[in-house]
Amino acid sequence: FLETAVYFCMKPKMGEKEVSPHSFFSIWHEFSSDFKDFWKKENKLILQERVKEAEEVCRQKKGKSLYNIRPKHDSGIVSIICSNS
């Protein structure tokens, strides 16, 4: 534990000889809680962006027709009857 505290440059509080586990882990707990909150917020923002992108792709695909409509040409009996009249 003491080697870890030295690695993170923790210094003992006034009146203490060594860094106590309570002081070290209270700081670590604050850091990890903040990190978790920011992580959740960032993931939520990324998810919202991806949903917007997916909705835009769907709108673009719906805008394009999946089939072509050709103008109707008279053919068959109806065209023969109408042209003879």
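Values in this document were obtained by computation on a predicted structure and should not be read as measured data. Every chain's residues receive numbers from 1 upward, in the order its sequence appears when written. Restriction of local features to residues with pLDDT of at least 70 applies here, the model being predicted, together with a cutoff of 80 or more for giving and counting side-chain atom pairs; totals for whole chains, interfaces and linings are based on all residues. The side-chain quantities take in all heavy atoms of the structure and omit both hydrogens and water.

## Here's the deal with the overall build of the protein
Thinking step 1. Working definition: helices are DSSP H or I runs of at least four residues, strands are E runs of at least two. Numbering for both runs from the N terminus. For the protein, the count of helices and strands is three helices and zero strands.
Thinking step 2. Its helices and strands in sequence order give the protein the pattern α-α-α, from N to C terminus.
Thinking step 3. Buried residues are those whose accessible area, probed at 1.4 Å on protein chains only, stays under 20% of the maximum for their type, while exposed residues exceed 50% and partly exposed ones sit between those limits. Residues classed as buried in the protein amount to 6% of the 85 residues present.
Thinking step 4. Surface summary for the protein: the accessible area is close to 8800 Å², and the carbon and sulfur share equals 61%. To be clear on the numbers: accessible area is Shrake-Rupley with a 1.4 Å probe, and residue cover counts the displayed protein chains and nothing else.

## Concerning the pattern of salt bridges
Thinking step 1. In what follows, salt bridge is the name for a side-chain nitrogen of Lys or Arg lying within 4 Å of a carboxyl oxygen of Asp or Glu. Taken as a whole and assessed by the stated rule, the structure comprises two salt bridges.
Thinking step 2. Close ionic contact of E56 with R59 constitutes a salt bridge, the shortest N to O distance being 2.7 Å. With E56 and R59 both in helix 2 (residues 21-63) and three residues apart, this pair spans about one turn of that helix.
Thinking step 3. Looking at E56, the relative accessible area reads 35%, which means it is partly exposed.

## What about unusual backbone geometry?
Negative phi values dominate among residues other than glycine, just as trans dominates among peptide bonds.
Thinking step 1. The residue C9 is not glycine, and still its phi comes out positive at about 60°.
Thinking step 2. Tracing the sequence through the fold places C9 in the loop between helix 1 (2-7) and helix 2.

## Brief notes about the packing of aromatic side chains
Thinking step 1. Paired rings are identified among Phe, Tyr and Trp, the last through its six-membered ring, by centres lying within 6.5 Å, and are further divided according to the angle between planes into stacked (under 30 degrees), edge-to-face (over 60) and tilted (the rest). For the structure on display, the rule yields seven aromatic pairs.
Thinking step 2. Ring centres of Y7 and F8 lie 5.2 Å apart, and the angle between their planes is 85°; this geometry places the pair in the edge-to-face category.
Thinking step 3. A ring pair is formed by F35 and W39, whose centres lie 6.1 Å apart and whose planes are at 25°; its orientation type is stacked. Of this pair, F35 and W39 are both found in helix 2, four residues apart, which corresponds to roughly one turn of the helix.

## Some points on the side chain of S23
Thinking step 1. Mapped onto the elements, S23 comes out in helix 2.
Thinking step 2. Its relative accessible area of 7% is what places S23 among the buried residues.

## A look at a nonpolar patch on the surface
Thinking step 1. In this analysis, a patch consists of residues with relative accessible area above 30% that form no salt bridge, clustered at 9 Å for like charges and at 5 Å for the nonpolar side chains Val, Leu, Ile, Met, Phe, Trp and Tyr. A contiguous nonpolar surface patch, about 1000 Å² in accessible area, is contributed by F1, L2, Y7, F8, F25, W28, F31, F35 and W39.
Thinking step 2. Mapped onto the nonpolar patch, the elements with two or more residues apiece are helix 1 and helix 2.
Thinking step 3. Among the elements that line the nonpolar patch, the one with the most residues is helix 2, at five residues.

## Side note on the confidence of the model for the protein
Note that predicted coordinates carrying low pLDDT should not be read in detail.
Thinking step 1. On a range of 0 to 100, pLDDT expresses the predictor's confidence in each residue. Taken as a whole, the protein shows an average pLDDT of 82; of its residues, 75% reach a score of 70 or greater.
Thinking step 2. Here helix 3 (residues 76-84) is the element of the protein with the lowest mean pLDDT, 64, and helix 2 is the one with the highest, 90.

## Here we look at the environment of P12
Thinking step 1. Position of P12 relative to the elements: it lies in the loop between helix 1 and helix 2.
Thinking step 2. With 11 residues separating them in the primary sequence, P12 and S23 have C-alpha atoms 8.6 Å apart.
Thinking step 3. Residue contacts are defined here by distance: any two heavy atoms, one from each residue, within 4.5 Å place the two residues in contact. Beyond its immediate sequence surroundings of up to four residues, P12 is in contact with K17, E18 and V19.

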